[in-house]
Amino acid sequence: MAPTSKADRKSAVDAAAWMFNVVTSVGIIIVNKALMARYGFSFATTLTGMHFVATTVMTAVLRWLGYIQSSHLPWGDLLKFVIVANFSIVGMNVSLMWNSVGFYQIAKLCMVPVSCLFEIVFDKVRYSRDTKLSIAVVLIGVGVCTVTDVSVNAEGFIAAFIAVWSTSLQQYYVQSLQRKYSLSSFNLLAHTAPAQATSLLLLGPFLDYWLTSKRIDAFDYQLASVFFIVLSCTIAIGTNLSQFICIGRFTAVSFQVLGHMKTILVLILGFIFFGKEGLNLQVVLGMIIAVLGMIWYGDASSKPGGKERRGHSLPVSRQPKHVSDSSTEHDGNA
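Please read these numbers as outputs of a predicted model, since none were measured by experiment.

**Describing the pattern of salt bridges**
Pairing of side chains with opposite charge becomes possible as their charged atoms draw close. The full count for this structure, using the stated rule, is 6 salt bridges. The closest approach of N and O atoms between Asp-77 and Lys-80, which form a salt bridge, is 3.6 Å. Highlighted residues: Asp-77 and Lys-80, both in helix H3 (residues 75-98), separated by 3 residues, approximately one helical turn. A residue is classified by how much of its surface remains accessible, and Lys-80, at 42% relative accessible area, is partly exposed. Of the charged contacts, one joins Asp-217 and Arg-215 as a salt bridge, the two residues approaching to 2.5 Å between their closest N and O atoms.

**Regarding the confidence of the model for the protein chain**
On average, residues of the protein chain carry a pLDDT of 84, and 88% of them reach 70 or more. Here residues 312-334 is a poorly scored stretch, pLDDT under 50, and it has 52 contacts once near neighbours within four places are set aside; other chains count.

**Observations concerning the packing of helix H2 (residues 44-65) against H3**
When two helices pack together, their arrangement is given by the angle between the helix axes and by the axis-to-axis distance. The contact between H2 and H3 brings their axes to 10 Å, and the two run at 145°. Between H2 and H3 lies a crossing whose hand is right-handed. Facing H2, whose interface residues are Ala-44, Thr-45, Thr-48 and Phe-52, H3 presents Ile-89, Val-90 and Asn-93. Per-class residue counts for the contact of H2 with H3 are 4 nonpolar, 3 polar and no charged.

**Considerations on the packing of aromatic side chains**
Taken as a whole and judged by the stated rule, the model has 17 aromatic pairs. Residues Phe-43 and Phe-219 carry aromatic rings whose centres are separated by 6.2 Å and whose planes lie at 85° to one another, so their mutual orientation is edge-to-face. Pair noted here: Phe-43 is in the loop between helix H1 (2-39) and H2 and Phe-219 is in the loop between helix H7 (185-212) and helix H8 (223-249), with a separation of 176 residues, a long-range link. With respect to class, Phe-43 is no different from Phe-219; both count as buried. With a centroid separation of 5.5 Å and an interplanar angle of 35°, the aromatic rings of Phe-122 and Tyr-172 are classed as tilted. Note that Phe-122 is positioned in helix H4 (residues 101-122) and Tyr-172 in helix H6 (residues 154-181), a separation of 50 residues in sequence. Relative accessible area serves as the criterion here: at 37%, Phe-122 is assigned to the partly exposed category.

**Details of the environment of Val-257**
Its place among the elements puts Val-257 in helix H9 (residues 252-274). Classification of Val-257 by relative accessible area gives buried; the value is 1%. Separated by 119 residues in the primary sequence, Val-257 and Val-138 have C-alpha atoms spaced 7.1 Å apart.

**Digging into the nonpolar core**
One finds Leu-73, Phe-81, Val-174, Leu-188, Phe-244 and Cys-246 to be the most contacted residues of the largest nonpolar core, which totals 25 residues. For this core, the elements supplying multiple residues, two or more each, are H1, H2, H3, H6, H7 and H8. Not counting chain neighbours up to four residues away, the residues in contact with Leu-73 comprise Leu-78, Leu-177, Tyr-181, Leu-183, Leu-188 and His-191. Counting residues in hydrophobic clusters, the runner-up holds 18 residues, among them Val-112, Tyr-127, Ile-135 and Met-287.

**Remarks on the packing of H3 against H7**
Where H3 meets H7, the axes come as close as 10 Å, and the angle between the chain directions of the two elements is 30°. One finds that H3 runs roughly parallel with respect to H7. Remark: the crossing between H3 and H7 carries right-handed chirality. Contacts between H3 and H7 pair Leu-78, Phe-81, Val-82, Ala-85, Asn-86, Ile-89, Val-90, Val-94, Met-97 and Trp-98 from the former with His-191, Thr-192, Ala-195, Gln-196, Ser-199, Leu-200, Leu-203, Leu-207, Trp-210, Leu-211 and Thr-212 from the latter. Partitioned by chemical class, the residues of the contact of H3 with H7 number 15 nonpolar, 6 polar and no charged.

**Concerning unusual backbone geometry**
Although it is not a glycine, Ser-182 adopts a positive phi angle of roughly 55°. Unlike most non-glycine residues, Ser-213 shows phi in positive territory, near 60°. Residue classification places Ser-213 among the exposed residues on the basis of a relative accessible area of 60%.

The rules behind each value
Residues numbered from 1 in each chain as written. Predicted model: local features only at pLDDT ≥ 70, side-chain atom pairs only at ≥ 80, totals over all residues. Heavy atoms only, no water. Salt bridge = Lys/Arg side-chain N within 4 Å of Asp/Glu carboxyl O. Helix = DSSP H or I, 4+ residues; strand = E, 2+ residues; numbered from the N terminus. Buried < 20%, exposed > 50% of the residue type's maximum accessible area, 1.4 Å probe, protein only. pLDDT = per-residue confidence, 0-100. Contact = heavy atoms within 4.5 Å. Axes fitted to C-alpha atoms, helices over the stretch in contact; angles between N-to-C directions. Left-handed = near helix turned anticlockwise from the far one by under 90°. Nonpolar A, V, L, I, M, F, W, Y, C, P; charged D, E, K, R; others polar. Phe/Tyr/Trp six-rings, centres within 6.5 Å; stacked < 30°, edge-to-face > 60°. Core = buried A, V, L, I, M, F, W, Y, C linked by side-chain atoms within 4.5 Å. Parallel < 35°, antiparallel > 145°, perpendicular 65-115°, else oblique.

In structure tokens, the structure reads:
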């Protein structure tokens, strides 16, 4: 009975982690849309820096309360992570500004095969045929319901290219650093959040001015807009933490594939709260295909041989192995 109980407990924690990430991610998208569209706060990079300030405060409080233990992350690895993560944030913001919505969505879909490539090259992961096909079905479904107008220029293509590769590498780093240095999600976030907050708050105002021709110090701060900024920062704490938890417990590829459920939910909530304009048979069909693909991926990747690591190129945390099959869904320290 003990192994079954342990497996049930792990499944419950996994489901809670995914739900935590979905709720906070969808919530912050809705809040940020309201903040930017209704109040004109278009300083996306600086806002992200504020998010990491809030996250830094959270990790400091948890450390003071004793929930985060002392840990070590070499300066070189921290610097590489922060550089890649900041390229990801800036690249995504610039890509959204310079590309059509359709091409921006295509770029986001490209992160899945790039994440697969990182796992194949660095972790020697091998995917079964069903796993590969289920990933393809998810990408097709999300593409059908999100990609409409597609136009691209040289600058936009370069920004999208940087965004795709840096975001995929950042998410790979989250898992590999947790595994390599036996760090929990809280530990890793405590190391990275202060550095990202500092760098983004220094860089953000200049980058936002370059993109929008608006100065953040000239923004008309009113009670309502400040409330939404604070709310965005509060939700971002959960978003940042849940991302590290999910990638640590699973893999960057699983996080990307199943993460497209957030795209579907944002579309559905948009139709519910902001009207049914744009809702048509193509969108509904795409949603159905994507959801079926996610269900297939969850089943295919969890089977023996669905995703297996042929050789460990990274040190693995010294923990007793609880799962006897060859699936590589990593039970992280979070």
